[in-house]
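Survey of secondary and tertiary structure
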Amino acid sequence: MSKVITMADRSTSNSGVSGVRDRRYAIRFPFAADVELIDLETGKQVEGVTSDISLGGCFVCTSKPLPLNARARLKLVRKGQVLEALVAVRIVKPRIGMGIEFFDLDPAHHEMLSSWIDALKQSR
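Residues numbered from 1 in each chain as written. Predicted model: local features only at pLDDT ≥ 70, side-chain atom pairs only at ≥ 80, totals over all residues. Heavy atoms only, no water.

1. Some points on the environment of I117
Position of I117 among the secondary structure elements: in helix α1 (residues 107-122). Between the C-alpha atoms of I117 and S54, which are 63 residues apart in sequence, the distance is 6.9 Å. Setting aside anything within four residues of it in sequence, one finds I117 in contact with F29, I53, S54 and L55. (Helix = DSSP H or I, 4+ residues; strand = E, 2+ residues; numbered from the N terminus. Contact = heavy atoms within 4.5 Å.)

2. A few points about the nonpolar core
Membership of the largest hydrophobic core comes to 27 residues, with the highest contact counts inside it found for L37, I53 and F102. Those elements giving two or more residues to this core turn out to be β2 (34-39), β3 (45-53), β4 (57-61), β5 (71-78), β6 (81-93), β7 (97-104) and α1. Ranked by the residues each element gives to this core, the list is headed by α1, at five residues. Each residue touching F102, except ones within four places of it in the same chain, is listed here: I53, S54, L55, G56, G57, C58, L74, A85, L86, V87 and L113. (Core = buried A, V, L, I, M, F, W, Y, C linked by side-chain atoms within 4.5 Å. Buried < 20%, exposed > 50% of the residue type's maximum accessible area, 1.4 Å probe, protein only.)

3. Some words on the packing of aromatic side chains
Where two aromatic rings form a pair, the distance of their centres and the angle of their planes describe that pair. Inspection of every chain in the model, using the stated rule, returns one aromatic pair. With a centroid separation of 5.1 Å and 40° between ring planes, the pair formed by F31 and W116 is classed as tilted. Placement of the pair is F31 in the loop between β1 (29-30) and β2 and W116 in helix α1, with a sequence separation of 85 residues. No difference in accessibility class separates F31 from W116, as the two residues are buried. A cation over a ring is seen here: R71 above F103, with NZ or CZ 4.7 Å from the ring centre. (Phe/Tyr/Trp six-rings, centres within 6.5 Å; stacked < 30°, edge-to-face > 60°. Lys NZ or Arg CZ within 6 Å of the ring centre and 35° of its normal.)

Written out as structure tokens, the structure reads:
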């Protein structure tokens, strides 16, 4: 009898979207921050909270996510610090939230994000 536990291949998982591979390229860390998003095309505003973050993006928990590939202005607020960025919606989970990719951070906000990630790495 083998004591090896195997996991299903990701390519056959029932993610609801066929042919989509996991595009993450940075380690994600649990992270809670308040989020405000404004869709650049429609002006729709969405609020939520992050569940995780990486140097490449975050997951925003919200009951009303923006559409897939929407471009938005993001504002993250945590412990009095505010990070702003332009982002794109990369995955949508209806009534749960959306995966966000950062694509334009000014140097000061990139430095803040890096310091948050460094602190999260240290706390592991």
